[in-house]
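# Per-entry structural report
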Amino acid sequence: MKCCLCKEREATVHLTQIVGDKMQKLDLCEECARSKGVNDPTGFSLADLLLGLSGAQETEPRPRSGDLRCPHCGFSQAEFKKLGRFGCPECYQTFAEGLDDLLKTMHKGVRHVGKVPKAYRGVEDLKRRLQRLQQELARAVQEENFERAAELRDEIKQLQARLTSPRGH
């Protein structure tokens, strides 16, 4: 089996990471493993390895870019690899290369959705529905479909009453 990085030497170091239900395997030769710090437990960082390998699917090795720094806060890529977090929001743009692959291995996706309290979610759903009905009402009036417009108007009034009630239901 060939090394995932250099694609030349025989892989003798085999790493496996399981995130959720996905398993990722990395096969490295001794030299590439040493250059990534895998043989030195104090210098080994999984974030470093994954950023350097981009999921082990590169066709050729990346040059070391440990001296890359965020122009806004001065945070270096080496500091990110060591700490596992960024110094400021601008760091996401500065270190964008390889970040998507790293986040995909750690999370379900690369876009933060967050959680919304159930009660608030219901109110937001009502607001979105109200907005859609208002757009549909405007179209119905423009098309002179006054029967449909009257139905939409009544439905809009009911939704507005629900939204202004104390519980939003």
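Rules used in this analysis
Residues numbered from 1 in each chain as written. Predicted model: local features only at pLDDT ≥ 70, side-chain atom pairs only at ≥ 80, totals over all residues. Heavy atoms only, no water. Helix = DSSP H or I, 4+ residues; strand = E, 2+ residues; numbered from the N terminus. Buried < 20%, exposed > 50% of the residue type's maximum accessible area, 1.4 Å probe, protein only. Areas by Shrake-Rupley, 256 points an atom, 1.4 Å probe, with all protein chains shown as cover. Expected span 1.5 Å × (residues − 1). Arc of directions from axis to C-beta. Contact = heavy atoms within 4.5 Å. Salt bridge = Lys/Arg side-chain N within 4 Å of Asp/Glu carboxyl O.

Turning our attention to the overall build of the protein. Of regular secondary structure, the protein possesses seven helices and two strands. Its helices and strands in sequence order give the protein the pattern β-β-α-α-α-α-α-α-α, from N to C terminus. Counting the 169 residues in the protein, one finds 31% classified as buried. Per element, the accessible surface of the protein, about 12,100 Å² overall, is 51% carbon and sulfur.

Under the 1.5 Å per step criterion, the end-to-end length of helix H7 (residues 146–164) is 27 Å for 19 residues, consistent within 8% with the ideal 27 Å. Residues of H7 that are buried: Ala149, Leu152, Ile156 and Leu159. All buried residues of H7 fall inside an arc of 85° around its axis, so they share one side. Opposite the buried face of H7, at more than 90 degrees from it, the exposed residues are Glu147, Lys157 and Gln158. In the core, the buried residues of H7 are packed alongside helix H6 (118–142).

So, about the environment of Ser76. As for its placement among the helices and strands, Ser76 is situated in the loop between helix H2 (46–53) and helix H3 (77–83). Judged by its relative accessible area of 4%, Ser76 falls in the buried class. Between the C-alpha atoms of Ser76 and Cys91, which are 15 residues apart in sequence, the distance is 8.8 Å.

To continue, consider the pattern of salt bridges. Per the counting criterion, the structure on display carries eight salt bridges. Two residues, Arg128 and Asp125, come together in a salt bridge whose shortest N-O distance is 2.4 Å. With Arg128 and Asp125 both in helix H6 and three residues apart, the pair spans about one turn of that helix. Residues participating in the shared-partner salt-bridge network are Glu136, Arg148 and Glu151.

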